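One-letter residues, chain by chain:
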Amino acid sequence: MSDIWQGALEKIDGYRWRIPKSHKAGMRVDGIIYADEEMIKDIRRDKAAEQVANVAFLPGIVNASLAMPDIHWGFGFPIGGVAATDIENGGVISPGGVGYDINCGVRLIKTNLKEQDVKPKLKDLVYGLFNNVPAGVGSKGDIRIDEKEERQLLVEGAGWVVKKGYGKSEDLEYTEEKGAVKGANPDAVSDRAYERGKKQSGTLGSGNHFMEVQVIDQVYDEEAANIFGLESGRVTVMIHSGSRGLGYQICEDYTQGMIKCLQKYNINVPDRQLACAPVNSDEGQAYLGAMRCAANYAWANRQCLMFLARRVFETVFGMGPKDLGMDLIYDVAHNIAKIEKYVIDKKEKTLCVHRKGATRAFGPGHPDLPVKYKKIGQPVIIPGDMGRNSYLLVGTKKAEETFYSTCHGAGRMMSRSAAIKVGRGRSISAELEKKGIIVKSTGRETLAEEMPEAYKDVNKVVNIVHEAGISKRVCRMRPLGVIKG
Amino acid sequence: MERYEIIPHTADIGIKAYGKNLPELFKNAAYGMFEIIADLDGLKGSIKEPIEIKADNREELLVAWLGELLYHFYTKQIIFFDFDIEEIGDTALKAKAIGRHVGENRNRLKTEIKAVTYHELKVEQKEGNFVSTVIFDV
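Reading the values: rules and limits
- Residues numbered from 1 in each chain as written.
- Chains lettered and ligands numbered in written order.
- Predicted model: local features only at pLDDT ≥ 70, side-chain atom pairs only at ≥ 80, totals over all residues.
- Heavy atoms only, no water.
- Helix = DSSP H or I, 4+ residues; strand = E, 2+ residues; numbered from the N terminus.
- Buried < 20%, exposed > 50% of the residue type's maximum accessible area, 1.4 Å probe, protein only.
- Areas by Shrake-Rupley, 256 points an atom, 1.4 Å probe, with all protein chains shown as cover.
- Lys, Arg positive; Asp, Glu negative; His and termini not counted.
- Charge placed at Lys NZ, Arg CZ, Asp CG, Glu CD.
- Arc of directions from axis to C-beta.
- Contact = heavy atoms within 4.5 Å.
- Pairing = 2+ DSSP bridges.
- Axes fitted to C-alpha atoms, helices over the stretch in contact; angles between N-to-C directions.
- Phe/Tyr/Trp six-rings, centres within 6.5 Å; stacked < 30°, edge-to-face > 60°.
- Salt bridge = Lys/Arg side-chain N within 4 Å of Asp/Glu carboxyl O.
- Patch = residues over 30% accessible without salt bridge, like charges linked within 9 Å, V, L, I, M, F, W, Y side chains within 5 Å.
- Core = buried A, V, L, I, M, F, W, Y, C linked by side-chain atoms within 4.5 Å.
- Buried area = accessible area lost by both parts, 1.4 Å probe.
- Nonpolar A, V, L, I, M, F, W, Y, C, P; charged D, E, K, R; others polar.

Asker: Whenever I open this one, the overall build of chain A confuses me. Can you help?
Answerer: Secondary structure summary: chain A contains 16 helices and 19 strands in total. Summarising its shape, the C-alpha atoms of chain A cover approximately 60 × 50 × 50 Å along the three principal directions. Per-residue burial over chain A gives 66% buried out of 485 residues. About 16600 Å² of surface is accessible on chain A, with carbon and sulfur atoms providing 47% of the total. Side chains of chain A give 69 positive and 61 negative charges; the mean places of these two sets differ by 1 Å.

Asker: Sorry if this is basic, but what is going on with helix 13 (residues 416–423) of chain A here?
Answerer: Two residues of an α-helix separated by three or four positions point the same way, owing to the 3.6 residues in each turn. All buried positions along helix 13 of chain A are accounted for by Arg416, Ala419, Ile420 and Gly423 of chain A. Within helix 13 of chain A, the buried residues cover an arc of 100° as seen down the axis, which keeps them to one side. Of the surrounding elements, those touching the buried residues of helix 13 of chain A are helix 15 (446–449) of chain A together with strand 2 (13–19) of chain B. Of the residues one or two after helix 13 of chain A, Gly425 of chain A is the one with positive phi, at around 80°.

Asker: Teacher, can you tell me more about the sheet that holds strand 2 (residues 16–19) of chain A here?
Answerer: As a general point, the strands of a sheet are linked pairwise by backbone hydrogen bonds and lie either parallel or antiparallel. Residues and elements named next belong to chain A. Taken in spatial order, the seven strands of this open sheet run 1-2-3-4-5-13-12, and their pairing is mixed. The sheet is open, and its two borders are formed by strand 1 (10–13) and strand 12 (335–344), each paired with just one other strand. Recorded for the sheet is a direction-independent mean angle of 35° between the axes of neighbouring strands. Bridge count for strand 12 against strand 13 (residues 347–356) is ten bridges, and the pairing is antiparallel. Looking at the pairing, Ile339 lines up with Cys352 of strand 13.

Asker: When you look at the pairing of strand 15 (residues 379–382) of chain A in this model, what are you seeing that I'm missing?
Answerer: Within a regular beta strand, the side chains point alternately toward one face of the sheet and then the other, so they alternate between its two faces. Residues and elements named next belong to chain A. Of the two faces of strand 15, the one holding Pro379 and Ile381 and the one holding Val380 and Ile382 are both buried throughout. In terms of strand pairing, strand 15 meets strand 16 (residues 390–395) through four bridges, oriented antiparallel. Pairing of Ile382 across the sheet is with Tyr391, part of strand 16.

Asker: I tried to follow the packing of aromatic side chains on my own but got confused; where do I start?
Answerer: Where two aromatic rings form a pair, the distance of their centres and the angle of their planes describe that pair. Scanning the model with the defined rule gives 16 aromatic pairs over all chains in all. Between Tyr166 of chain A and Phe307 of chain A, the ring centres sit 4.8 Å apart and the planes meet at 90°, which makes this aromatic pair edge-to-face. Of this pair, Tyr166 of chain A sits in the loop between helix 6 (158–163) and helix 7 (169–173) while Phe307 of chain A sits in helix 11 (residues 282–317), and the two are 141 residues apart along the sequence. Residue Tyr166 of chain A is classed as partly exposed on the basis of its relative accessible area of 22%. Overall, the relative accessible area of 19% leaves Phe307 of chain A in the buried class. Measuring from centroid to centroid gives 5.6 Å for Phe34 of chain B and Phe80 of chain B, while their planes differ by 80°, and the two rings are edge-to-face. Of the two residues, Phe34 of chain B sits in helix 1 (residues 22–37) while Phe80 of chain B sits in strand 4 (residues 78–88), which places them 46 residues apart along the sequence. Considered together, Phe34 of chain B and Phe80 of chain B belong to a single accessibility category, that of buried residues. Ring-pair connections join several aromatic residues into one group, and the members of that group are Phe34, Trp65, Phe73, Tyr74, Phe80 and Phe83 of chain B.

Asker: Looking at this structure, how should I read the sheet that holds strand 4 of chain B?
Answerer: All names here are of chain B. One open sheet holds the three strands; their spatial order is 3-5-4, and the pairing between them is antiparallel. Bordering the open sheet on either side are strand 3 (47–54) and strand 4, each of which pairs with just one other strand. Within this sheet the neighbouring strands show an average axis-to-axis angle of 25°, counted without direction. The pairing of strand 4 with strand 5 (residues 92–101) spans nine bridges and is antiparallel. The residue bridging Ile79 from the neighbouring strand is Arg100, located in strand 5. On the sheet, helix 1 packs against strand 4 and strand 5 and is oriented at approximately 170° with respect to strand 4.

Asker: How should I be thinking about the pattern of salt bridges in this particular structure?
Answerer: On inspection of all chains with the given rule, the structure shows 49 salt bridges over all chains. Notably, a salt bridge pairs Glu176 of chain A with Arg360 of chain A, separated by 3.9 Å at the nearest N-O pair. Placement of the pair is Glu176 of chain A in the loop between helix 7 and helix 8 (191–198) and Arg360 of chain A in strand 14 (residues 359–360), with a sequence separation of 184 residues. Using a relative accessible area of 1% as the deciding quantity, one classes Glu176 of chain A as buried. Relative accessible area serves as the criterion here: at 3%, Arg360 of chain A is assigned to the buried category. A salt bridge links Lys96 of chain B to Glu86 of chain B, with the nearest nitrogen and oxygen atoms 3.0 Å apart. Here Lys96 of chain B, found in strand 5, pairs with Glu86 of chain B, found in strand 4; they are ten residues apart in sequence, far enough to count as distant. Here Glu86 of chain B falls in the partly exposed class, since its relative accessible area comes to 36%. Within this structure, Arg412, Arg416, Glu449, Glu450 and Lys484 of chain A form a network of salt bridges that share partners.

Asker: Before we go on, may I ask you to explain a negative patch on the surface in this structure?
Answerer: Residues and elements named next belong to chain A. Together, Asp146, Glu147, Asp191 and Glu195 make up a region of like negative charge exposed at the surface. With respect to the element layout, Asp146 can be found in the loop between helix 4 (122–132) and helix 5 (147–156). When its relative accessible area of 43% is taken as the criterion, Asp146 is described as partly exposed.

Asker: Even after reading the chapter, I still don't get the nonpolar core, so can you show me in this structure?
Answerer: If you look at soluble globular proteins, the nonpolar side chains tend to sit buried side by side. Judged by nonpolar contacts, the single largest core of 220 residues is most densely connected at Ile33 of chain A together with Trp65 of chain B. The element contributing the most residues to this core is helix 11 of chain A, with 20 residues. Beyond its immediate stretch of four places on either side in the chain, Trp65 of chain B contacts Phe26, Ala30, Ile51, Ile53, Phe83, Ile85, Leu93 and Ala95 of chain B.

Asker: Explanation requested: the interface of chain A and chain B in the structure shown.
Answerer: By convention, interface size is frequently given as the accessible area that disappears when the constituent parts associate. In this complex, chain A contributes 42 residues to the contact, which on the side of chain B involves 38 residues. Where chain A abuts chain B, roughly 3600 Å² becomes buried across the two surfaces, and 50% of that area is made up of carbon and sulfur atoms. Counting across the chain A and chain B interface gives six salt bridges. Between Lys47 of chain A and Glu120 of chain B there is a salt bridge, with its nearest N and O atoms 3.1 Å apart. Of all the elements in the fold, those that place two or more residues in the side of chain A that touches chain B are strand 4 (64–75), helix 8, helix 10 (244–264), helix 13 and helix 15 of chain A. No other element matches helix 10 of chain A, which puts eight residues into the side of chain A that touches chain B. Here the residues of the side of chain A that touches chain B are counted per class, giving nine nonpolar, 15 polar and 18 charged.

Honestly, that's just the spatial picture; any functional story needs more than this.
Quick look at the structure:
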């Protein structure tokens, strides 16, 4: 990892860099990385740029293999990669272009509380969340469902759990796809995936997944913030989680299966993890149907986690739901493949847009937006590391150039083992507490692995997408309390 | 010869495992994976889980083997720390994985491995010894 990537990176403008098609034989389009002079140096430090080039091999890929400023070395796709393929033109779908944690994503919840309301009860709140939200390796949820119910959940997503009492119908209005993408096919999900998913509904997970209590410390766009009902000093809650074991198993099943498709459909890719099949093939359709089940499971899961958070807030503050005002601002995926329409070379095309560690960012006026957000664009939620900031942005019209995609977080800079080494002899939780941030975690090494220094500065990442015009800053949050797996 | 070493990867974790022969390589790779998942030091156990898998080639067999163990870990809540490879070829493997229920050992758990990936996957023979590279999604 100490090797610096030596490939060609041509500067397009202040915030975009091109890896020309000529970088290696087999690339069908250029690679384009969104970064500034400083960030591009970090990006050269691992194998992410080579992975951007590898993704350009995918049959049917249009425009370019894109990467957001938070990219880092993944497997197959880089984390922070975006690729759209033309379905009518042999375009493929790749489970590796979605990732193991299908519909890993974030939701942001407003409260009526101010920082001064929360500060005196912060420890009670963090311990309350920690005790009530199942987290950590292989944790099981309290929300148990049988097999028939699980099949319903995979089709109906967040709507199914709302029906069961874990939320209100307005929550669905502010969830991507209203919490359930159409076309989920429970028959395409293996028994093993069911088995792994059944016990984990309503669990946070581990690693970089978290639930965070935060306060808005800066507002950049008053008009948009007003529409969200947000202002400086107001407390918000952010949840980062995904589809747990169900999604991991689906990705594993289909990656394994699609390695065989490479020969069957005569596809040449430089990494087995880029295994794929045409969207219009039995294998492609089966994966899409299964992936959508995992996506719906993840929306249901984050809905359950929000329910648990609301309950803890009600107990700790002794307030009812109405006074607490814990309304969902938005829930958006950052590991997913979606079928969307775009105009390419003056013709409308149906594309399969892979976002692997990238957030959808529809601009103002987009038909899929809730009425309330039509004027300002889709909320984009960017979690940072646990010591610095997180952001709320909105999509822009210009983001059409990235298939309405933007960054998804700070992006790691340091490997987990390096972070543990750096953290040896230090108490990360004590360091954070000095800054006024209370952190609780289940895993023995999670806090060291997730230490702020292990990440790029989210402020710089967000600055790039803002300046490049592919999304717009609305407000910035600062962490108060964090629970991790 | 060490059993394995950790390969630094920005977001995830990889291991390079070693073995004098194929059974030892598979055993060490599995041990390495479970040492990422949990603290195995001093762990004793009695559960023997029979495992039989097939794959198209030696490299994919390694991913299938590790994936199978991970599946048993998650669904049966067993931490494996020893592996008895009974039969192994390039495309099939029969083994017993020895472990202990998570139960009271929950505080031994360290890292959630989501999956075993095919990225940069290698099984090679170097100067008579076997070396494998596997990256995990964590």
